[in-house]
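# A structural walkthrough
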Amino acid sequence: MTLPEQQTEIVVARHPVGLPEPADFAERVLPVPMPADGELLLRVHWLSIDPWLRPLLGGRHLVPPPPVGTRVPGQVVGEVLVSRDAHHGVGDWVVADCGWCEYAT
């Protein structure tokens, strides 16, 4: 498989007040990351958008909200495309906290 050079991620544009709106989020185009030793490159197939995300983004959670400009957090199910880890091989499927993106290490 040939990897794309770029990917899209979704970042926090502002912290929502009330119901989240499209303007609360922004797209950012980045290079597809390459894994370092001990890491994996995942292609995200499924993203979990959990109920805790709304209070987190609005600053009403036990931890501070993600800063504006950072990737929206979330768990993913991803396929290993490149492995530099002894425990996982290409083609494995994993669950990870990668956030809203197409590819992640």
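Below is a short write-up of the structure. Because the structure is a prediction, the values reported are computed rather than measured. (Residues numbered from 1 in each chain as written. Predicted model: local features only at pLDDT ≥ 70, side-chain atom pairs only at ≥ 80, totals over all residues. Heavy atoms only, no water.)

Let us now look at the overall build of the protein chain. Of the regular secondary structure elements, the protein chain holds one helix and six strands. By principal-axis analysis of the C-alpha atoms, the protein chain measures approximately 45 × 25 × 20 Å. Expressed as a percentage of the 105 residues in the protein chain, the buried residues total 30%. Sequence-distant contacts, at least 24 apart, represent 65% of the contacts inside the protein chain between residues at least 6 apart. Charged side chains of the protein chain number 7 positive and 13 negative; the gap between the two group centres comes to 8 Å. (Helix = DSSP H or I, 4+ residues; strand = E, 2+ residues; numbered from the N terminus. Buried < 20%, exposed > 50% of the residue type's maximum accessible area, 1.4 Å probe, protein only. Contact = heavy atoms within 4.5 Å. Lys, Arg positive; Asp, Glu negative; His and termini not counted. Charge placed at Lys NZ, Arg CZ, Asp CG, Glu CD.)

We now examine the pairing of strand 3 (residues 40-47). Looking down a regular strand, the side chains alternate between one sheet face and the other. Sheet analysis places strand 3 next to strand 4 (residues 75-83), joined by seven bridges and oriented antiparallel. Opposite Leu47, over in strand 4, you have Val76 as the bridge partner. Judged from the two bridges that link them, strand 3 and strand 6 (residues 103-104) form a sheet pairing that is antiparallel. Looking at strand 6, one finds that Leu42 is bridged to Ala104. (Pairing = 2+ DSSP bridges.)

Considering all chains together, one arrives at two aromatic pairs under this definition. On the numbers, 5.7 Å between centres and 40° between planes, the contact of Trp46 with Trp93 is tilted. With Trp46 in strand 3 and Trp93 in strand 5 (residues 93-97), the pair connects residues that are 47 residues apart, well separated along the chain. Given the relative accessible area of 45%, Trp93 is considered partly exposed. (Phe/Tyr/Trp six-rings, centres within 6.5 Å; stacked < 30°, edge-to-face > 60°.)

Quick look at the pattern of salt bridges now. Within this structure, the stated rule accounts for five salt bridges. The partner of Arg28 in a salt bridge is Glu9, and the shortest N-O contact between them spans 2.6 Å. You can see Arg28 sitting in strand 2 (residues 25-31) and its partner Glu9 sitting in strand 1 (residues 6-12), a full 19 residues away along the chain. Classification of Arg28 by relative accessible area gives partly exposed; the value is 31%. Among the ionic pairs, Asp37 bridges to Arg84, the shortest N-O distance being 2.4 Å. Pair noted here: Asp37 is in the loop between strand 2 and strand 3 and Arg84 is in the loop between strand 4 and strand 5, with a separation of 47 residues, a long-range link. With a relative accessible area of 63%, Asp37 lands in the exposed category. (Salt bridge = Lys/Arg side-chain N within 4 Å of Asp/Glu carboxyl O.)

We now examine the side chain of Arg54. Mapping Arg54 onto the fold places it in helix 1 (residues 53-57). A distance of 2.5 Å separates a polar side-chain atom of Arg54 from the backbone oxygen of Gly18. When neighbours within four sequence positions are excluded, Arg54 is seen to be in contact with Pro16, Val17, Gly18, Pro20 and Arg60. (Polar contact = N/O pair within 3.5 Å; in protein donor to acceptor, adjacent residues only side chain to side chain.)

Another point: the sheet that holds strand 3. The strand order across the open sheet built from four strands is 5-4-3-6, with neighbouring strands paired in antiparallel fashion. Because the sheet does not close on itself, it has two edges, and the strands there are strand 5 and strand 6. Sheet topology note: the strand 4/strand 5 ladder contains five bridges and is antiparallel. In the strand pairing of strand 5, Gln75 is matched with Asp97.

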